[in-house]
Every structure is written in C-alpha cells, then in structure tokens.
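As a plain string of letters, each chain reads:
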Amino acid sequence: MRDILPADKARRERVLSVIRDRYRSHGFDEIETPALEEYSRLHAGIGGDNEKLAYNVLRRGLDAEAIREAADDQGALADLGLRYDLTVPLARFYASNRGQLPGVFRSIQIGPVWRAERPQKGRYRQFVQCDIDIIGDDSARAEAELMVASLDAVDALGLEGATVRINDRRALDWMLTSFGFTADERPGVLITIDKLDKIGPEGVAAELRERGAAASAVDAFEEFLRRPQTMEYNPFGERQIRKALPENAPDEIVGHLVGIGDAVAAGRGATDIPLVFDPFLVRGMGYYTGTIFELAHPSVSYSLGGGGRYDGMIGRFLGQQVPAVGFSLGFERLVDLVTAGADAAERAVVLIHDADVPVVELVTHKAALVATGARVRLERRTKNVKALLERSAADGYTEFATVSAGAPQLELKPLS
C-alpha cells in the first residue's frame, strides 16, 4: 500500500478522467459499491486464488474464548472482507438493484481493491481497477462493445497500437477433451497450460506428466504443440482460429469468435481487426464461462487488462441465470506507460511573494489568474528560491512569477 504524492495523484486523476470520458461516450454508466462485502460472498468459490488473498474483518464482539473456539473456521471469525475485485460486488449489486436497472445494463466501476499480495515490483496490496461490464446480453455484441470502448480509452491515452488476445473457455474445454483429458483433470491441466509462454512445450508436457495426467492425453497434446506450421500470416478470422485449434472445432464457438471480430472491426472503423486468437489463453478466474481476452501493447510484454464472460456468477445471487461479460483495465500499469505529454494540458502558476505583500494584493493576483482557468499556488519567498521552484515543477506547476508589494502586473515565466 502506498502514499500518493500530489504530482502523482494529479497524473492518476487525469488518466482516470480520460478513461471515464471514453467509457461514458460508449454508453456506460458509473456506479459505486462498498469497499466491504459479506465474507460468504467473497468466499463463495468464484474468486479463484484471489479468495486466498482477501483481507477479512473480524466479527465484532468476540471475546477470547469465542476466538479460540472458532480458530479453525475463518467463516466463524469473520463476517466481512475487503473486496479483492469489482466483479463479485457488481454481481451482488445487480442482484440487489435489478428492478431499477435497464434490461441490458452497461456499468462503469472505478475504485480501489485489496489483496494480501507478497510485496514486489508492480504488485500492490491496494490498487485501482477500472471495469466496464455488460449484463443481460448474451450476444457477440456485448464483447465487441467492451473491446471497442477499452481500445478507444487506451488510444485516447496515447497508446495506439494495442491489440486484444482472445480465446473461449468452451474452446479450451473442447480441445482438452479432444486430447483425452478428463473433466477432473481439466483444472490442473489449465494451470499448467497457462505457463506455456514461460516454460515452453517441453516444460508443459513434463509438468502434466508430474501431475499424473493421462499419458495418452499428454502425448496427444504434446504432438499438437509440435505440429508443423506454416509461417503465413492470417488476420483474425475463421482461418486463423481453425488453424490454431485441432481439426473439427465446433462451428458455434468459431462462429461466435468470428462475429466478435467483425463487430470490433465495424466499431473501430478499420479493415484490420485488432484481435489475435490465442488457443492457450487461460485467465485464471474460475468464473469465466465463454469468451476470455487480454489487452496487449507492443511496448510491454505483460497485459494491460483483460476480462471475459461470466454467465454463471449472477445466478448465484439472483437465483436465475443472467448473461454477463466484463473488461478490466490495468490502471496501475497504464499510469506508468502514459507519457508526460498527456499531462501537459493544465496551466499551473506558482506566485512567490515577499513577506510584506498585503494579503488583499495576493488574493487579487491569485483570483485574476484563477479566472483564466489556471491553477494557482501562493508561496512565501524562501532563502533557497531554486529549491522552491524545483519542488513546484515536480508538483506539476508550469509557470511562476514574483510578487512585490504594490506591483500592478505580474511577469510570468516558464518553470523549466
């Protein structure tokens, strides 16, 4: 968890402002959910490994004896927890407020989440997530709207050239079944497949054998990974998808993915579809039921966001199935990538004044600049003016002026 200094906070808010603006322009409405959710909801088996990283809140009023008796039962010790993502709270929100929401609900959620991560570079225990979700639409249109809006937001931040890696959990299940893996083996097999880009085909096959997966299924999978492939380029579409999967892939799944690509191309107004089919994209959340995707940018090797379809989650709270799909931008990673040029639009002035300048004159000068749309700070002159100017520049100020008593006008100079 971190303290955010003024210049960094201003930068983060500017990035958030761009994301909010682009999402709203695509017809999404912002909501807010509490930081705390009931323990039973956060630990309902739908949050994957994130449930193990949840911060739980001790029940009020427990004495020492009650704590000892419940020591082996977290559910008896805690009744609330800090949210570890925004998807579980959204499912609860929709189930609680469905009567006041449209049939197809497009939501924006932006806020902090908490996970008890091991501290390391790029991983925080408190961080901001930027989610958009569409609830109530089971068609390819929903995925396409999410992708177009998210790519638009990334473009507006100056990160043109982003693409979306896409897969379908149903295609993964079909592929594993075709190789001969049983339903019981599948969760462990997916964990290993998710490491393909790190340990390679040999490492994946070796780990699957160590897990005790069926030898014939591992052999078939390894043979598929080592199949000869041509180097021809295939843009996103049916040919790319079918070449990446075993033969006779289900037409329904392939057709759904192709439909998403066509819709994204139309929404982007481009002939090149910014999607890449990846048959081994897994995404670890256990609640995904269909399409899954990750946002990629050529400047970095890691993803900048992702999401997928989770049609089964809301039914756990509502008692009836409701289709849902969401996309989450990796805000902390995006902030690090956005160039300084994106922050330069605001005019900010620091007025350095002598001790004898009357307060009325200071307030008058400041008010005149504020009226022009500038951000203005008053600073009393110090012995080390250079250090004061350097600090002001670090805080995002772009100009300065010195103010003496009785001075009718100010001479503004750039802070650079």
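Here the structure is shown first, and the text comes after it.
Below is a summary of the structure that appears in this document.

Thresholds, definitions, all that
Here the residue numbering is sequential within each chain, running from 1 through the sequence in written order. Where local features are concerned, this predicted model is filtered to residues with pLDDT of at least 70; where side-chain atom pairs are given and counted, the filter is 80 or more; whole-chain, interface and lining totals use all residues. To get the side-chain values, all heavy atoms of the structure are used, and hydrogens and water are removed first. What makes two strands pair is DSSP finding at least two bridges between them. Secondary structure elements are taken from DSSP: a helix is a run of H or I of four residues or more, a strand is a run of E of two residues or more, and numbering for both begins at the N terminus. Note on method: axes are straight lines fitted to C-alpha atoms, helices fitted across the in-contact stretch only, with angles between N-to-C directions ranging 0 to 180 degrees. The criterion used for residue contact is that any of the two residues' heavy atoms lie within 4.5 Å. The cut-offs for exposure are 20% and 50% of the maximum accessible area for each residue type, with area from a 1.4 Å probe on protein chains only; residues under the lower value are buried, those over the upper are exposed, and the others partly exposed. Look down the strands so they point away from you; if the path from the first strand over the helix to the second goes clockwise, the crossover is right-handed.

Some remarks on the sheet that holds strand 4 (residues 78–82)
So, point 1. The strand order across the open sheet formed by 3 strands is 2-4-3, and the pairing between neighbours is antiparallel. Of all strands in the sheet, those bounded by a partner on one side alone are strand 2 (36–38) and strand 3 (56–58). For this sheet the average axis-to-axis angle between neighbouring strands, irrespective of direction, equals 40°.
So, point 2. Across 3 bridges, the pairing between strand 3 and strand 4 is antiparallel. In the strand pairing of strand 4, Val-57 is matched with Leu-80.

Looking at the sheet that holds strand 12 (residues 348–353)
So, point 1. Strands sit in the order 13-12-14-15 across an open sheet of 4 strands; the sheet is mixed. Whereas interior strands pair on both sides, the edge strands pair on one side only; in this sheet they are strand 13 (375–380) and strand 15 (413–414).
So, point 2. Set on the sheet, helix 16 (residues 385–394) makes contact with strand 12, strand 13 and strand 14 (399–403); between it and strand 13 the angle comes to about 155°.

Examining the pairing of strand 12
So, point 1. Burial within strand 12 is extensive, with 6 of its 6 residues counted as buried.
So, point 2. Burial of strand 12 is two-sided: the residues Ala-348, Val-350 and Ile-352 facing one way and the residues Val-349, Leu-351 and His-353 facing the other way are all buried.
So, point 3. Bridge count for strand 12 against strand 13 is 6 bridges, and the pairing is parallel. Note that in strand 13 the partner of Ile-352 across the bridge is Glu-379.
So, point 4. As for the winding sense of the linkage, the β-α-β connection from strand 12 through helix 15 (residues 359–370) to strand 13 is right-handed.
So, point 5. Note that strand 12 and strand 14 share 5 bridges and pair parallel.

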